[in-house]
Amino acid sequence: MRRLVFLLVTFAVVSMSWAQSEITVSSNADVSAKPDIAEFHLSIIARQEQATNAFKIYLNRYHALQNSIKNLVDTTKLTTDNLSVTPFFDYKKPDQVTPEYYQVSTSMSLSVPIYQLNDVLGEVTSVEGVTINGIEFRAKDQDKLETEALEKAVILAREKAEAIAHLEGLVDLTVKSMTTSTSRPPIFPTYRAMSVESVAAAPSISPSSISVSAFVNVTYRAHSK
C-alpha cells in the first residue's frame with residue numbers, strides 16, 4: 001500500500017513537471033540624453049638634450065595652459081594622470097652612453113560643464129605644445145540612464161515572452177532567471193592642437209546625444225492552460 005501511494009505521488013510530480021514549460025527571450029533597449037559634461041583628454045610633450053631643459057619647457061607649457069583657462073574654470077580641475085621623463089637612445093649605436101634626448105610627457109584630464117565646451121576648446125587650442133587627444137561627453141546621472149534602459153529592456157522581454165506564451169497556450173509566466181548588461185560607447189571626437197594663428201578659424205563642437213544600451217536575457221516558467 002505504501003509503495004502504491006509513493007508511486008502515485010511520484011506520478012503526480014512528474015505530471016506537474018510535464019505541464020511546466022520554459023520560455024527564454026532576449027531584448028535590447030536604448031536610452032538617449034543630452035550630455036551634461038565634456039571631459040578633455042590632453043597631453044604635453046617636451047624634448048631636449050638635457051632632462052632639466054625638457055622639464056622647463058614642459059612646465060612653461062603647463063603654466064601657459066593653466067593661465068589660458070583660469071578665467072573659465074577652476075584650474076584645480078586640471079588633473080595630471082601621469083608624468084614621465086624618458087631618455088631616448090639611438091639603438092643603431094650600441095655603445096652609446098649619452099641619450100640622444102630626454103622626453104618629458106604627461107597626460108591630463110579636464111572636466112567642464114557642457115556649456116563651456118567651446119570656450120575652453122578655444123583657450124586650450126591657443127596654447128603651443130598642448131594636444132587634445134579627445135573629448136568625451138557624458139551625463140551627470142549615468143546610473144539613472146542605465147536604470148531606464150534596463151527597465152525598457154525588461155518590459156520588451158516580457159512582451160516577447162507573453163506573445164510566445166499566447167501562441168503556445170501557456171499561462172502564469174514567472175521569472176526563473178535573468179542576466180543583464182549595459183554599455184555606453186564613449187564619444188571621442190579627436191581634435192588635434194592648433195597653432196595660435198589658426199585659432200580664429202577653429203570650428204565649434206555641437207555634441208550629439210549620448211546613448212546607453214541595455215541587454216537582458218530572461219527565462220520564464222509557464223504552465224499549460
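Quick notes on the rules
- Within any chain, residue numbers begin from 1 and follow the written order of that chain's sequence.
- A pLDDT threshold of at least 70 governs which residues receive local features in this predicted model, and a stricter bar of 80 or more applies before side-chain atom pairs are shown or counted, although totals over entire chains, interfaces and linings include all residues.
- By convention in this description, side-chain values take in all heavy atoms of the structure and omit both hydrogens and water.
- Helix numbers and strand numbers start at the N terminus; a helix is a DSSP run of H or I with at least 4 residues, a strand a run of E with at least 2.
- What makes two strands pair is DSSP finding at least two bridges between them.
- Axis geometry follows a simple rule: fit a line to the C-alpha atoms, using only the stretch in contact for helices, then measure angles between N-to-C directions, giving values from 0 to 180 degrees.
- We call two residues in contact when some of their heavy atoms are within 4.5 Å.
- Any Phe, Tyr or Trp ring, taking Trp's six-membered ring, that has another such ring centre within 6.5 Å forms a pair; planes under 30 degrees apart are called stacked, those over 60 apart edge-to-face, and the others tilted.
- The buried label goes to any residue with under 20% of its type's maximum accessible area, the exposed label to any with over 50%, and the partly exposed label to all in between, with areas taken from a 1.4 Å probe on protein chains only.
- One side-chain nitrogen of Lys or Arg within 4 Å of one carboxyl oxygen of Asp or Glu is enough to make a salt bridge.

Engineer: Honestly, the environment of P113 in this entry has me stumped. Any pointers?
Structural biologist: Note that P113 resides in strand 4 (residues 101-113). Here the alpha-carbon distance between P113 and D36, two residues 77 residues apart in the chain, equals 6.1 Å.

Engineer: Is there a simple way to think about the sheet that holds strand 4 in this case?
Structural biologist: By definition, the strands of a sheet pair up through backbone hydrogen bonds, in either a parallel or an antiparallel sense. Read from one edge to the other, the open sheet built from four strands follows the order 3-4-2-5, with strand pairing classed as antiparallel. For this open sheet the edge positions go to strand 3 (79-88) and strand 5 (130-138), each flanked by a neighbour on one side alone. Strand after strand, the sheet turns through a mean of 15° between neighbouring axes, direction not considered. The pairing of strand 2 (residues 37-48) with strand 5 spans eight bridges and is classified as antiparallel. Each residue of the ladder has a partner; that of L42, found in strand 5, is I132. Relative to the sheet, helix 2 (residues 51-69) contacts strand 2, strand 3, strand 4 and strand 5, its axis offset from that of strand 2 by approximately 150°. Of the strands in this sheet, strand 2, strand 4 and strand 5 touch helix 3 (residues 117-124), which is tilted by about 170° from strand 5.

Engineer: Would you mind going over the packing of aromatic side chains with me for this structure?
Structural biologist: Note on aromatic pairs: each is described by the distance of the centres and the angle between the planes. Within this structure, the stated rule accounts for three aromatic pairs. For the ring pair F55 and Y58, a centre distance of 5.5 Å and an interplane angle of 50° mean the geometry is tilted. With a gap of three residues between them, F55 and Y58 both fall in helix 2, about one helical turn apart. Residue F55 is classed as partly exposed on the basis of its relative accessible area of 31%. Of the aromatic side chains, those joined through ring pairs into one cluster are F55, Y58 and Y62.

Engineer: I tried to follow the pattern of salt bridges on my own but got confused; where do I start?
Structural biologist: Pairing is possible between side chains that carry opposite charge, provided their charged atoms lie close to one another. Counting across every chain of the model gives four salt bridges. With a shortest N-O distance of 3.6 Å, K93 and E100 are connected by a salt bridge. Accessibility expressed as a relative area gives 45% for K93, which makes it partly exposed. Residue E100 is classed as partly exposed on the basis of its relative accessible area of 35%. Here E162 makes a salt bridge to R158, at a shortest N to O gap of 3.1 Å. You can see E162 and its partner R158 sitting in helix 4 (residues 142-168), four residues apart, about one turn around the helix. Residue class for E162 comes out partly exposed when judged on its relative accessible area of 40%. A relative accessible area of 30% means that R158 is categorised as partly exposed.

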